[in-house]
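# An overview of the molecular structure
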Amino acid sequence: MDYNRLAELLFPGVTATPEDMERRYPERRLPEGAKVTRIAPSPTGFFHFGGLFPATVGERLAHQSGGVFFLRIEDTDSKREVEGAAAFITKILSYYGLDFDEGVTADGDKGDYGPYTQSQRVDIYHVYAKKLVRDGLAYPVFSTDEELDELKAADKKAEIKSVKWEEEAQARRDAMIARRDFTMEQVEAELAAGHKFALFARADGDPEKKIKITDLVKGTLEIPENDEDVVLLKSDGIPTYHFAHAIDDHLMRTTHVIRGEEWLPSLSKHLMLFRYLGFRAPKYMHIAQLMRLDENGNKKKLSKRDMGANLDDYRRMGYPVPSVSEYVMTLLNSNYEEWHMQNPDKSWRDFPFSIKKMSASGCLFDTEKLNDVSKNVISRMTAEQVFDGVCGYAKTEDPEFYETLTGDPEYAKRILSIGRGGAKPRKDFAVWADVRPYMAFFYDKYFTRDDEMPADKDKADIKTALESFVSTYDENDDQSAWFEKCKDIAESIGYARETKLYRKEPDKYKGHVGDVASFVRLAVTGRQNSPDLYEVIKIIGKDRMVDRIRAAIALL
RNA sequence: GGCCCGUUGGUCAAGGGGCUAAGACACCGCCCUUUCACGGCGGUAACAGGAGUUCGAAUCUCCUACGGGUCACCA
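Residues numbered from 1 in each chain as written. Chains lettered and ligands numbered in written order. Predicted model: local features only at pLDDT ≥ 70, side-chain atom pairs only at ≥ 80, totals over all residues. Heavy atoms only, no water.

## Topic: the overall build of chain A
Test applied: Each helix corresponds to a stretch of at least 4 residues labelled H or I by DSSP, and each strand to a stretch of at least 2 residues labelled E; elements are numbered beginning at the N terminus. Each radius of gyration is computed over the set of C-alpha atoms, and the globule rule expresses the reference value as 2.2 Å times the number of residues to the power 0.38. Residue contacts are counted whenever heavy atoms from the two residues lie within 4.5 Å of one another. Only the protein chains shown count as cover for residues, and the accessible areas themselves come from Shrake-Rupley with a 1.4 Å probe. Residues scored as positive are Lys and Arg, those scored as negative are Asp and Glu, and His as well as the terminal groups of each chain are ignored. Just so you know, the charge point we use is NZ for Lys, CZ for Arg, CG for Asp and CD for Glu.
Regarding its fold elements, chain A presents 25 helices and 14 strands. The C-alpha atoms of chain A give 33 Å as radius of gyration, which overshoots the globular expectation for 556 residues (24 Å, by more than 25%). Summarising the internal contacts of chain A: among those between residues at least 6 apart in sequence, 74% fall at separations of at least 24. Carbon and sulfur atoms make up 49% of the accessible area of chain A, which totals about 27,700 Å². Computed over 82 positive and 96 negative side-chain charges, the inter-centroid distance for chain A is 3 Å.

## Description of the domain arrangement of chain A
For the record, the criterion: Where each domain begins and ends follows an automated or database-derived domain assignment. Simply put, the buried area is the total loss of 1.4 Å probe accessible area from both parts when two parts are fitted together. The term salt bridge refers to a side-chain nitrogen of Lys or Arg lying within 4 Å of a carboxyl oxygen of Asp or Glu. N or O atoms within 3.5 Å of each other form a polar contact, as long as, within protein, one can give a hydrogen and the other can take it, and as long as residues adjacent in sequence are counted only when both atoms are side-chain atoms.
In terms of domain boundaries, chain A breaks down into domain 1 (5–10 + 122–287), domain 2 (307–379), domain 3 (383–428) and domain 4 (459–555). Domain 3 and domain 4 are separated by 27 Å when their C-alpha centres are compared. Counting residues at the interface gives 5 residues for domain 3, matched by 8 residues for domain 4. Interface area, domain 3 with domain 4, both sides summed: about 520 Å², of which 66% is carbon and sulfur. Considering only the side of domain 3, the residues that lose the most area to domain 4 are Tyr-411, Arg-414 and Ile-418, jointly responsible for 82% of the buried surface there. For the interface between domain 3 and domain 4, the tally reads 0 salt bridges. In this structure, the connection of domain 3 to domain 4 is made through 1 residue pair in polar contact (both at pLDDT 80 or more).

## Let's talk about the pairing of strand β6 (residues 196–201)
Here is the rule: Exposed residues in this analysis have more than 50% of their type's maximum accessible area, buried residues have under 20%, and partly exposed residues fall in between, with area computed by a 1.4 Å probe over protein chains only. We treat two strands as partners when DSSP finds at least two bridges between them.
Burial analysis of β6 places 5 of its 6 residues in the buried class, which makes it a mostly covered element. When strand β5 (residues 138–143) meets β6, the two strands line up antiparallel, connected through 6 bridges. The residue bridging Val-141 from the neighbouring strand is Ala-198, located in β6.

## Digging into the sheet that holds strand β14 (residues 363–364)
Two modes of strand pairing occur in sheets, parallel and antiparallel, and in both the strands are linked by backbone hydrogen bonds. Sheet architecture is open: 3 strands sit in the order β13-β12-β14, paired in mixed fashion. The sheet is open, and its two borders are formed by β13 (299–301) and β14, each paired with just one other strand. Summarising the sheet, strand β12 (residues 290–293) and β13 pair through 3 bridges and their orientation is antiparallel. Looking at the pairing, Leu-293 lines up with Lys-299 of β13.

## As for the protein's contact with RNA strand B
Formally: We call a residue near a given molecule or strand whenever any one of its heavy atoms falls within 4 Å of it.
As a matter of local geometry, RNA strand B sits amid 66 residues, with Thr-76, Ser-143, Lys-234, Arg-426 and Asn-529 nearest to it. Atoms of RNA strand B within 4 Å of the protein belong to the sugar or the phosphate in 70% of instances, the rest to bases. One of the side-chain N or O atoms of Glu-74 is found 3.3 Å from a sugar or linking oxygen in RNA strand B. Take Tyr-241: an N or O atom from its main chain is 3.1 Å from a phosphate oxygen of RNA strand B.

## Points about the sheet that holds strand β4 (residues 108–110)
Defined as follows: The axes used here are C-alpha line fits, helices contributing only the stretch in contact, and every angle between their N-to-C directions lies in the interval 0 to 180 degrees.
Taken together, 4 strands build an open sheet; the order of strands is β1-β2-β3-β4 and the sheet is mixed. Of all strands in the sheet, those with a lone pairing partner are β1 (36–39) and β4, marking the two edges. Ignoring strand direction, the axes of neighbouring strands in this sheet form an average angle of 25°. Relative to β4, strand β3 (residues 102–105) runs antiparallel, the two being bridged by 3 bridges. Residue Gly-103 lies in a different strand from β4, and its bridge partner there is Lys-110. Each of β1, β2 (68–71) and β3 touches helix α4 (residues 85–95); the most contacted strand, β2, lies at about 145° to it.

## Looking at the nonpolar core
To keep it simple, the criterion reads: Side-chain atoms within 4.5 Å are what join buried Ala, Val, Leu, Ile, Met, Phe, Trp, Tyr and Cys residues into a set we call a nonpolar core.
Core analysis: the biggest nonpolar cluster contains 96 residues, and Phe-49, Tyr-128, Leu-232 and Phe-243 have the highest contact counts within it. Built from parts of two domains, this core gets at least three residues from each of domain 1 (5–10 + 122–287) and domain 2 (307–379). Each residue touching Leu-232, except ones within four places of it in the same chain, is listed here: Leu-132, Ala-138, Leu-199, Phe-200, Ala-201, Ile-238, Pro-239, Thr-240, Phe-243 and Leu-273.

## Brief notes about unusual backbone geometry
Note the cis peptide between Gly-114 and Pro-115, where omega equals 0°. Mapped onto the secondary structure, Pro-115 falls in the loop between β4 and α5 (122–134).

## Digging into the packing of aromatic side chains
Cut-off, in case you're wondering: Only Phe, Tyr and Trp rings are paired, with Trp represented by its six-membered ring, and only when their centres lie within 6.5 Å; those with planes under 30 degrees apart are stacked, over 60 edge-to-face, the remainder tilted. To sit over a ring, a charge needs its Lys NZ or Arg CZ within 6 Å of the ring centre and within 35 degrees of the ring normal.
Under the counting rule described, the total for this entry stands at 29 aromatic pairs. With 5.4 Å between their ring centres and 75° between their planes, Tyr-128 and Phe-279 make a pair best called edge-to-face. Separated by 151 residues along the polypeptide, Tyr-128 in helix α5 and Phe-279 in the loop between α11 (267–277) and β11 (283–287) bring together distant segments of the chain. Here the two residues Tyr-128 and Phe-279 agree in accessibility, since each one is buried. Through successive ring pairs, a cluster of aromatic residues spans Phe-49, Phe-53, Tyr-314, Tyr-319, Tyr-327 and Phe-365. Positioned above the aromatic ring of Tyr-113 is the side chain of Arg-28, whose terminal nitrogen or guanidinium carbon lies 4.0 Å from the ring centre.

## What about the packing of helix α23 (residues 513–525) against helix α25 (residues 542–555)?
Formally: To sort the angles, those under 35 degrees are grouped as roughly parallel, those over 145 as roughly antiparallel, those from 65 to 115 as roughly perpendicular, and the leftovers as oblique. In the scheme used here, Gly and all other residues not listed as nonpolar or charged are polar, with Ala, Val, Leu, Ile, Met, Phe, Trp, Tyr, Cys and Pro taken as nonpolar and Asp, Glu, Lys and Arg as charged.
Packing of α23 against α25 brings their axes to within 8 Å, and their N-to-C directions diverge by 105°. As the angle between them shows, α23 and α25 are arranged roughly perpendicular. Across the interface between the two elements, Val-520, Ala-523 and Val-524 of α23 pack against Met-545, Arg-548, Ile-549 and Ala-552 of α25. Residues that form the contact of α23 with α25 fall into these classes: 6 nonpolar, no polar and 1 charged.

See below:
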């Protein structure tokens, strides 16, 4: 077989050579040890939460080493492509602060190694396709349109589950081998008939032999050599992931390929392609998948339709960006939390991220832990920052509340200042959506009486206590003077001045000062629980406090 | 089914031949406390199983079990 002639026949228009490509995309000039990483999503209009893991690792590794982090859009599957998806991806990556140095942006490509969209790189792939044909390493497989339609309609998953899988796989292999060695005449005839061809790489591996390869996360892997012919180009001339991966990551000079472990089974194919193409393979890092628990208590891959699988869900649920980032870091590097406790004021970007600390096994998504991380994140913020965070969330997710907040920002910030800023800040919010119910009673239009006055206390006593509170209240009292008055009121209605006294001798009193405070709290906030009552009343103001207490007395 | 990866408390995990096997979240109890939140102290709870190597194994080897992934002209 004259492979040169075959190559010309198959790719008559391709004149560029691999050498041209090397010149066009030279080695990057970067400092020693600099890593080049990438994030390579498919534009399906959906960014998986799990995608944040490799993306974060890639971003950290590149930027921690003075390297390059780039974005490549892998749109080789036109069937799954969604309009505007690339723009959505860049938007969400920037929302999560995963800034890339090169790649597809709203204003076109940025960087010298583009185009960064695979569908725009078809010419490049064909250069290498032609080379592989010339080298006798790739061959065409012709199909009629009808056969192609059939292929698309086939339900692969159903086949795999069949018990006869082994036989069917063998049959497929035999069919493949039969098509491997078309004669030149056959090829010419197919071409003349206008049939399309897919390009396959001829596998040369022996599955009985194992290749040892070091994965930076998994350690030493032993995988069988590849003996399956790999589809390089589909009938439409568009490359498969495998082919595009080898060419792009070589030409873009990627040093570390970070991806999910679902790619592990095809690693053998990729290594073979790198070898065929004469490229040095990058270092690989296969990250374990994020799991969830199914109804039977088994681990399952967090799949598209699961709650929380869509990264954008977290914005809509009201998680601050750093909460999500920090949660991801806690899972990625087990010593992150410890470091953060020692460096509470530093950003997760200051953390010395280490490949060695990455876990080889998959973990379960844990909402409780996310919430805990998030509570800590928000508790460290200033009232101003919390205000901005809530507003940013409410603007799109709760516009009515947004109007309320921005109607009187200073008032809102005073409320948000309660218990904030000290060494032991309150931790009331895990998500921005928690803020509204927390703040509601400060606003007359949201105020409701959710909890009743305690039924076991004498109504006359409650009334007396509330009336005394109103008549003795002085806005100028400091907290201790204020509380002394509460104690006086307690005493006046036969309640203990101190909670401790009551506990010691419960029979001697009808209640204690805590009960008095709780009457006032119930009257003013409509609830049993609230942040510091003294602060609350100061913010609400004497007039509204008095109104609410009078209304409560009337209800007795 | 073949192949590959994984397996320390409910969850995330430290530990890489010599511990009574860290810590965080969750849970429970106590303390602090005018409620809540915070904080403090304490507690329940784990090396998947079996062989082997060794004076000694969570740690090394093998087998088994279980879980996951994958087996497309998808990525």
